[in-house]
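Given next are the chains, with one letter for each unit.
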Amino acid sequence: MNVLVVGGTRFFGIPMVEKLIADGHDVTIATRGLSDNPFKESTKQIIMNRSDYNSVREALADKEFDVIIDKIAYCSNDVRNLLSNVPCKKYIQMSSCSVYSKDKENIKESEFDPG
């Protein structure tokens, strides 16, 4: 399958991307480009700011995927920006919100404590 992973270079995205590669999928990773891509030898990479509609549109122009796995959708506009600009057969949103305290609102990735 042709798979787009939005995020995937940190936290629980790493073992998921490793498994997709091991299973022989054609994997493209879309990130802001702020973290090193540990899979640069095995994947394609797209740099985009997913909260900026035009950035997403330009980065994904003329692309399509069988599956999009979204690891960093913080709000509904993030999902809209993505799905308005790239066709896919299946969209999967994954979240690590269960690792945060239940009493927190407006949590940020930097608050994650893997300890």
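Everything in this summary refers to the structure shown in the same document. What you see is a predicted model; the values in this text were computed from it and never measured. (Residues numbered from 1 in each chain as written. Predicted model: local features only at pLDDT ≥ 70, side-chain atom pairs only at ≥ 80, totals over all residues. Heavy atoms only, no water.)

What follows covers the sheet that holds strand S5 (residues 88-93). Two modes of strand pairing occur in sheets, parallel and antiparallel, and in both the strands are linked by backbone hydrogen bonds. Spatially, five strands are ordered S3-S2-S1-S4-S5 in an open sheet, and the strand pairing comes out parallel. Looking at strand neighbours, the two that pair on one side only are strand S3 (44-47) and S5, the edges of this open sheet. Each neighbouring strand pair of the sheet contributes to a mean axis angle of 20 degrees, computed without reference to strand direction. As paired strands, strand S1 (residues 2-6) and strand S2 (residues 26-31) are joined by five bridges and run parallel to one another. Of the residues in S2, the one forming a bridge with Val 5 is Ile 29. Sheet strands touched by helix H3 (residues 76-83): S1, strand S4 (65-70) and S5. Its angle to S5, the strand with the most contacts, is close to 160 degrees. (Pairing = 2+ DSSP bridges. Helix = DSSP H or I, 4+ residues; strand = E, 2+ residues; numbered from the N terminus. Axes fitted to C-alpha atoms, helices over the stretch in contact; angles between N-to-C directions. Contact = heavy atoms within 4.5 Å.)

A few words now on helix H2 (residues 53-60). Along an α-helix, residues three or four apart share an orientation, since each turn contains 3.6 residues. Of all the residues in H2, the buried ones are Ser 55, Val 56, Ala 59 and Leu 60. Down the axis, H2 shows its buried residues gathered within 110 degrees of arc, on one side only. Those residues of H2 hidden inside the fold are in contact with S1, S3, S4 and H3. Here H2 starts with a cap whose side-chain oxygen sits 2.9 Å from the backbone nitrogen of Asn 54, and that cap is Asp 52. Taken from the residues just after H2, Asp 62 is the one with a positive phi, measuring 65 degrees. (Buried < 20%, exposed > 50% of the residue type's maximum accessible area, 1.4 Å probe, protein only. Arc of directions from axis to C-beta. Polar contact = N/O pair within 3.5 Å; in protein donor to acceptor, adjacent residues only side chain to side chain.)

Spatial relationships are all this shows, so hold off on functional conclusions.
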